[in-house]
Structures are given as C-alpha cells and as structure tokens.
Amino acid sequence: MSETRSDGELLRAAADGDRRAFEELYRRYAPWLTARLRGRCADAGVVDDVVQETFLAIWRGKARYREDGDVAGWLWRIGSRRLIDALRGDGARGRLRQALARLRHRDEASAEERVLAGVEHGDLAGALVRLSPELRAVLQATVIDGLTTREAAVLLGIPPGTVKTRAMRARKQLREALA
C-alpha cells in the first residue's frame, strides 16, 4: 500500500519529472479547479482548456511553486490568470458569451456567494448579501480571488475604471453596514 504524499512532496517530485506524482496532483486538484473556473466562465470548453494549460505549465516547469502558500491558492492564481488570457484572446465573441452566461445565471448564487453569505462575523454576511450582484462580483474578483483591477475588468467584461468605482462603492457600503 502506497503512502499518501503531501502536496508539497508531489510538486517537488513532479518538478523532478515524476509522472506519477504529477498525475496524483492532477487527480487531487483538477476537479476542484474546473469547478471553481466554471463559476467564472460558462464555456466548459474554455474552462477545460484552461485547466489543461494550468497543469501543463506545471509539468513543463513554466510555473514553479515557491512553497510560500497553499497549493490550491497557487493553482487558482495560475488558472484564473490563464482564464483571463483565454478570454482576452476570445475578443468580442467571448465577452458576448460571458454576458449571456451572466444573464442566464443571474439569479443563481454561486457556491462562493453562498459561502460568503454564510460568514458568521458580525453582520458581514448580511452586509454582503445586501450588496448588488455587480458590487459583490467586483469584491469577489479583487479581494477573494486577488486579481488586479485590469484582470478583474477583463474577467467581468467591464472597464477598469468601473471596477475601481464599484470596489469603492462596495467598501463604502460595507463600512456603513458594519458601523
């Protein structure tokens, strides 16, 4: 019976060319990354390509883990940035598809939104729920996902200035609600 290796051990072994370690890492994280990216992009084909590109970057050594955070967060940063690149490359057709997907799923709360709504720190959950979907989306992209203003703008299909304005409004509304 084989011993379960830590994420760090798997990454070090994969970086050294251990195919089994890489496959185990993929089995561990690909479904999670796919589900998370599908919350950002309705096109399953684009998401699947991004997940493959993310893991290929690891296998080819283009993405190096520096052991300064958790592996899931590191993979999310790689995957989310690759998704942004894919959406940029898709141009107007991609933005249209994203806009249609947002309209179609506008009333459905994502898993992350449900988690945010369930936070039990003061009235933070209530304050977050009272934000408009547009303000919550900007907070999620910039605060939770750690994207830059430009990256969030591409992801959300809005100008960078709008991202900044919405982030400011969201912070102001949260401060007022929590005061």
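The preceding data block contains the structure.
Residues numbered from 1 in each chain as written. Predicted model: local features only at pLDDT ≥ 70, side-chain atom pairs only at ≥ 80, totals over all residues. Heavy atoms only, no water.

**Some thoughts on the packing of aromatic side chains**
Here's step 1: One pass over the structure, following the stated rule, counts four aromatic pairs.
Here's step 2: Considering the side-chain rings of F22 and F55, the 6.3 Å spacing of their centres and the 75° angle between planes classify their relative orientation as edge-to-face. Here F22 is found in helix α2 (residues 19-38), whereas its partner F55 is found in helix α3 (residues 44-59), with 33 residues between them in sequence. As far as burial versus exposure is concerned, F22 and F55 are alike and both buried.
Here's step 3: Note on F22 and W59: the rings are 5.0 Å apart at their centroids and 50° apart in plane angle, and the pair reads as tilted. With F22 in helix α2 and W59 in helix α3, this residue pair connects regions lying 37 residues apart in the sequence. (Phe/Tyr/Trp six-rings, centres within 6.5 Å; stacked < 30°, edge-to-face > 60°. Helix = DSSP H or I, 4+ residues; strand = E, 2+ residues; numbered from the N terminus. Buried < 20%, exposed > 50% of the residue type's maximum accessible area, 1.4 Å probe, protein only.)

**Notes on the packing of helix α7 (residues 133-144) against helix α9 (residues 160-178)**
Here's step 1: Contact geometry for α7 and α9: axes closest at 9 Å, N-to-C directions at 100°. The angle between the axes of α7 and α9 places the two elements in the roughly perpendicular class. Counted together, E134, L135, V138, L139 and T142 of α7 and V163, R166, A167, R169, A170, Q173 and L174 of α9 form the full contact between these two elements. (Axes fitted to C-alpha atoms, helices over the stretch in contact; angles between N-to-C directions. Parallel < 35°, antiparallel > 145°, perpendicular 65-115°, else oblique. Contact = heavy atoms within 4.5 Å.)

**Structural notes on the pattern of salt bridges**
Side chains bearing opposite charge may pair, as long as their charged atoms lie close to each other.
Here's step 1: Enumeration over the complete set of coordinates arrives at eight salt bridges.
Here's step 2: Linking R28 and E24 is a salt bridge whose minimum nitrogen-to-oxygen distance equals 3.4 Å. Here the residue R28 and the residue E24 both occupy positions in helix α2, the gap between them amounting to four residues, near one helical turn.
Here's step 3: The residue K172 makes a salt bridge to E176 at a minimum N-O spacing of 3.4 Å. In this pair, K172 and E176 both sit in helix α9, four residues apart, roughly one turn of the helix.
Here's step 4: By relative accessible area, which is 47% here, K172 ends up partly exposed. (Salt bridge = Lys/Arg side-chain N within 4 Å of Asp/Glu carboxyl O.)

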